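Descriptive analysis of the structure
Residues per chain are reported as follows:
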Amino acid sequence: MAKLWYIVHTYSGFEHKVKTALEERIKNEGREAYFGQILVPTEKVIELVKGQRKASSRKFYPGYILVQMELNDETWHLVRHTPKVTGFIGSQDRPIPLSDDEAQTIIQQMEEGAQTPRPKYRFERGDEVRVVDGPFAGFSGMIDEVIPDKGKVRVLVSIFGRSTPVELDLVQVNRI
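Computed from a predicted model, the values in this text were never measured in an experiment.

Rules and cut-offs
- Residues numbered from 1 in each chain as written.
- Predicted model: local features only at pLDDT ≥ 70, side-chain atom pairs only at ≥ 80, totals over all residues.
- Heavy atoms only, no water.
- Buried < 20%, exposed > 50% of the residue type's maximum accessible area, 1.4 Å probe, protein only.
- Helix = DSSP H or I, 4+ residues; strand = E, 2+ residues; numbered from the N terminus.
- Pairing = 2+ DSSP bridges.
- Contact = heavy atoms within 4.5 Å.
- Axes fitted to C-alpha atoms, helices over the stretch in contact; angles between N-to-C directions.
- Expected span 1.5 Å × (residues − 1).
- Arc of directions from axis to C-beta.
- Phe/Tyr/Trp six-rings, centres within 6.5 Å; stacked < 30°, edge-to-face > 60°.
- Lys NZ or Arg CZ within 6 Å of the ring centre and 35° of its normal.

**Here's the deal with the pairing of strand 5 (residues 64-69)**
Within strand 5, five of the six residues are buried, which leaves the element mostly enclosed by the surrounding structure. Both strand 1 (residues 4-10) and strand 5 contribute to a ladder of six bridges, which runs antiparallel. Counterpart to histidine 9 in the pairing with strand 5 is tyrosine 64. With three bridges joining them, strand 2 (residues 35-39) and strand 5 adopt antiparallel strand pairing.

Structure follows, in structure tokens:
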């Protein structure tokens, strides 16, 4: 029987602890042959902390982990009765596996997020923002253009009563 990907719901904030506990239970009960990878879907994000760029990890599906496993009564009970696990996604009786395409999309999103960190916030034209770093710190404005390939935004800032476009790094602004 092939190992399929299942989504397991956990207490929010306990995803890494559940992953560790599940790996220990699998090893202790000698069920390694039934399980593949266990993933906490995360990506790297860049934010500005005290004027310094800082890379941190952000879960893009908080409260969920992905488990690659061969589903049978023993493996279902092993996962289901791990502390801080609330259940599988799907029906109460039978979890529904992810399709291969869905699983690959999530894994690819994790790999891309690890290679090229993204800004912590996503911005769109028309968003109200406050500049938190640089010579325009403290000014408020509206996003005129988002330039994702450069990691920049053009913000219309009011200087001397006139709207002036200013190009800033994504980490230099916060949504109001």
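**Some remarks on the side chain of glutamine 68**
Relative to the helices and strands, glutamine 68 is located in strand 5. When neighbours within four sequence positions are excluded, glutamine 68 is seen to be in contact with Lys3, Leu4, Trp5, Tyr34, Phe35, Gly36 and Gln37.

**Some details on the environment of glycine 126**
Mapped onto the elements of the fold, glycine 126 is located in the loop between strand 7 (118-119) and strand 8 (128-131). In this structure glycine 126 comes out as partly exposed when scored by relative accessible area, which is 36%. Expressed as a C-alpha distance, the spacing of glycine 126 and methionine 110, which sit 16 residues apart in the sequence, is 29 Å. Leave out the neighbours within four places in its chain, and glycine 126 touches Met142 and Ile143.

**Here's the deal with the sheet that holds strand 6 (residues 85-88)**
The four strands are arranged 2-5-1-6 in an open sheet whose pairing can be described as antiparallel. Each having just a single partner strand, strand 2 and strand 6 make up the two edges of the open sheet. For this sheet, the mean angle separating the axes of adjacent strands, direction not counted, is 30°. Bridge analysis of strand 1 against strand 6 gives three bridges, and the strand direction is antiparallel. Residue valine 8 lies in a different strand from strand 6, and its bridge partner there is phenylalanine 88. Most of the contacts of helix 2 (residues 73-80) go to strand 6, to which it runs at about 145°, and overall it touches strand 1, strand 2, strand 5 and strand 6.

**Looking at helix 1 (residues 15-28)**
Relative to the 20 Å expected for 14 residues at 1.5 Å per residue, helix 1 spans 20 Å between its end C-alpha atoms, a close match to the ideal helical length. Buried within helix 1 we find Glu15, Val18, Leu22 and Ile26. When helix 1 is viewed along its axis, its buried side chains cluster within an angular range of 70° and face the same direction. Turned more than 90 degrees from where helix 1 packs its buried face, Lys17, Lys27 and Asn28 sit exposed. Glycine 30 sits one or two residues past helix 1 and shows a positive phi near 65°.

**With respect to the packing of aromatic side chains**
Any pair of aromatic rings gets described here by the distance separating the centres and the angle formed by the planes. For the coordinates displayed, the defined rule picks out four aromatic pairs. Ring centres of tyrosine 11 and phenylalanine 14 lie 6.2 Å apart, and the angle between their planes is 80°; on these two criteria the pair is classed as edge-to-face. By relative accessible area, which is 27% here, phenylalanine 14 ends up partly exposed. Summarising the aromatic geometry, the rings of phenylalanine 136 and phenylalanine 139 are spaced 5.9 Å apart at their centres and angled 75° between planes, so their arrangement reads as edge-to-face. A cation sits over an aromatic face here: lysine 84 above phenylalanine 14, 5.1 Å from the ring centre.

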